[in-house]
Amino acid sequence: MTTDPLLRTGRLLLRRPVAADVATILAVHRDPLACLHNPGDRLLTGPAAADRLRHWSAHWDRHGFGYWSVLADPEAAPVGFCGLKLMPLLGEPALNLFYRFAPSVWHRGYASEAAAAVVAWAAANRPDLPLVARIRPDNVASQRVAARAGLHRAPHLDHPGEDGPDLLYTATPSGA
């Protein structure tokens, strides 16, 4: 597994979140549009955003990967977040692909570009774990991002989620 947490795409830099990202964590997760399909993820206070960063950092410390801050300009604040979290899937460990971006940067392809980079990282560094994305049925934009990142629908894995039913997409065509 690589120890370099930096990922680069044609337009983006993905790096491990830092304390300075708390304001962006709050801004993105406070936005009702950004959390429309996952209202349980919504944050309302700075301390809640700092706590979210602590959870993300603990995952990085334990596993050597997690959610990356996504920057369109290396000198500016992140435009969103994309990464992986370990979760149980059918009683076995799996990687859950996450992406959430500020609505002000939607429709620029950043989510698809970042998600593709994270999926490639997982294939190279954690091929031992299945990779999935859990997406609400009415979140068509997120479904398109998953497909552009190379994921495929796996209806046999669909299940109830915390904020409603989850459609599952996997990195393997068979949906294993």
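The structure we're discussing is the one just above.
Below is a summary of the structure that appears in this document. (Residues numbered from 1 in each chain as written. Predicted model: local features only at pLDDT ≥ 70, side-chain atom pairs only at ≥ 80, totals over all residues. Heavy atoms only, no water.)

A few points about the pairing of strand 3 (residues 67-71)
And step 1. Burial of strand 3 is extensive: five of the five residues sit out of reach of the surface.
And step 2. Covered by surrounding structure in strand 3 are Tyr-67, Ser-69 and Leu-71 together with Trp-68 and Val-70, the residues of both alternating faces.
And step 3. Pairing geometry for strand 2 (residues 13-15) and strand 3, over three bridges, is antiparallel. Bridge pairing links Arg-15 to Ser-69 in strand 3.
And step 4. Examined bridge by bridge, strand 3 and strand 4 (residues 80-89) share four bridges and lie antiparallel to one another. Paired with Ser-69 across the strands is Phe-81, a residue of strand 4. (Buried < 20%, exposed > 50% of the residue type's maximum accessible area, 1.4 Å probe, protein only. Helix = DSSP H or I, 4+ residues; strand = E, 2+ residues; numbered from the N terminus. Pairing = 2+ DSSP bridges.)

Structural notes on the state of the cysteines
And step 1. Tallied over the full model, the rule gives zero disulfides.
And step 2. Lacking any disulfide linkage, Cys-35 is separated from the closest cysteine sulfur, that of Cys-82, by 15 Å.
And step 3. Residue class for Cys-35 comes out buried when judged on its relative accessible area of 2%. (Disulfide = S-S within 2.5 Å.)

Some thoughts on the packing of helix 1 (residues 22-30) against helix 2 (residues 46-63)
And step 1. Contact geometry for helix 1 and helix 2: axes closest at 8 Å, N-to-C directions at 110°. Overall, the two elements helix 1 and helix 2 adopt an arrangement that is roughly perpendicular. Within the contact between the two elements, helix 1 uses Val-22, Ile-25, Leu-26 and His-29 and helix 2 uses Gly-46, Ala-49, Ala-50, Arg-52, Leu-53 and Trp-56.
And step 2. Residue classes in the contact of helix 1 with helix 2 are distributed as seven nonpolar, two polar and one charged. (Axes fitted to C-alpha atoms, helices over the stretch in contact; angles between N-to-C directions. Parallel < 35°, antiparallel > 145°, perpendicular 65-115°, else oblique. Contact = heavy atoms within 4.5 Å. Nonpolar A, V, L, I, M, F, W, Y, C, P; charged D, E, K, R; others polar.)

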